[in-house]
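What follows is the residue order along each chain.
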Amino acid sequence: QVQLVESGGGLVQAGGSLRLSCAASGGTFRSYGMGWFRQALGKEREFVARIVGAGSRTYYADSVKDRFTISRDNAKNTVYLQMNSLKPEDTAVYYCAADLYYSGSYSNSREYDYWGQGTQVTVSS
């Protein structure tokens, strides 16, 4: 059983930055992949970024590439999402997720086994 708790969301002006954190407990953190997803009001949940267990490889949605950076600190059992140059269309609830049994579909939410409760990010224009 893995528990995930996100923090760091809030209200920011367009062009600003936020850093989200996701603290994990349970399981062997360094052995599983971690992802960030987001869900805007009235829309489906969408993939944002993923990082492998060792932190050596990352993946991003095209919409956030070059603006967002995913990282992890395995000593602290924490994954981060640094978000720069934020846009109003980035407004959403952001969720972190743990993937214990990777099957090759890193951008598919069904790939992930455990989810946090989400943190709201609002970007004003």
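As shown above, the structure is provided for reference.
Residues numbered from 1 in each chain as written. Predicted model: local features only at pLDDT ≥ 70, side-chain atom pairs only at ≥ 80, totals over all residues. Heavy atoms only, no water.

A word on the pattern of salt bridges
No. 1: In total, this model carries five salt bridges according to the counting rule given.
No. 2: For Arg38, the salt bridge is made with Asp90, and the minimal N-O distance between the two is 2.9 Å. Taken together, the residues span a long stretch of sequence, with Arg38 in strand β4 (residues 33–39) and Asp90 in the loop between β8 (78–83) and β9 (92–99) at a distance of 52 residues.
No. 3: Each of Arg38, Glu46, Arg67 and Asp90 takes part in one network of salt bridges that share partners. (Salt bridge = Lys/Arg side-chain N within 4 Å of Asp/Glu carboxyl O. Helix = DSSP H or I, 4+ residues; strand = E, 2+ residues; numbered from the N terminus.)

What to know about unusual backbone geometry
No. 1: We note that Asp66 has phi near 75°; this positive angle belongs to a residue other than glycine.
No. 2: Locating Asp66 in the fold gives a position in the loop between β6 (58–60) and β7 (68–73).
No. 3: Residues other than glycine seldom take positive phi values, yet Ser85 does so here, at roughly 50°.
No. 4: Note that Ser85 resides in the loop between β8 and β9.

Topic: the packing of aromatic side chains
No. 1: For the coordinates displayed, the defined rule picks out eight aromatic pairs.
No. 2: Ring geometry for Phe29 versus Tyr32: centroids 5.7 Å apart, planes at 85°, classification edge-to-face. No difference in accessibility class separates Phe29 from Tyr32, as the two residues are buried.
No. 3: Between Phe37 and Tyr112, the aromatic rings sit 5.1 Å apart at their centres with planes inclined by 80°, giving edge-to-face as the arrangement. With Phe37 in strand β4 and Tyr112 in the loop between β9 and β10 (114–115), the pair connects residues that are 75 residues apart, well separated along the chain.
No. 4: Judged by relative accessible area, Phe37 falls into the buried class, the value being 1%.
No. 5: Members of the aromatic cluster, each reached through a chain of ring pairs, are Phe37, Phe47, Tyr59, Tyr95, Tyr106, Tyr112 and Trp115.
No. 6: When the ring centre of Tyr102 is taken as reference, the NZ or CZ atom of Arg50 above it lies at 4.3 Å.
No. 7: Over the ring of Phe29 we find Arg72, and its NZ or CZ is 4.3 Å from the ring centre. (Phe/Tyr/Trp six-rings, centres within 6.5 Å; stacked < 30°, edge-to-face > 60°. Buried < 20%, exposed > 50% of the residue type's maximum accessible area, 1.4 Å probe, protein only. Lys NZ or Arg CZ within 6 Å of the ring centre and 35° of its normal.)

Comments concerning the nonpolar core
No. 1: By size, the foremost hydrophobic cluster in this structure holds 33 residues, and its most contacted members are Met34, Trp36, Leu81, Met83 and Tyr94.
No. 2: Going through the elements one at a time, β3 (18–25), β4, β5 (46–51), β7, β8, β9 and β11 (119–124) are the ones with two or more residues in this core.
No. 3: It is β9 that contributes the most residues to this core, five residues altogether.
No. 4: If sequence neighbours within four positions are ignored, Met34 has contacts with Leu4, Cys22, Phe29, Ala49, Arg50, Ile51, Ile70, Arg72, Val79, Ala97, Ala98 and Tyr112. (Core = buried A, V, L, I, M, F, W, Y, C linked by side-chain atoms within 4.5 Å. Contact = heavy atoms within 4.5 Å.)

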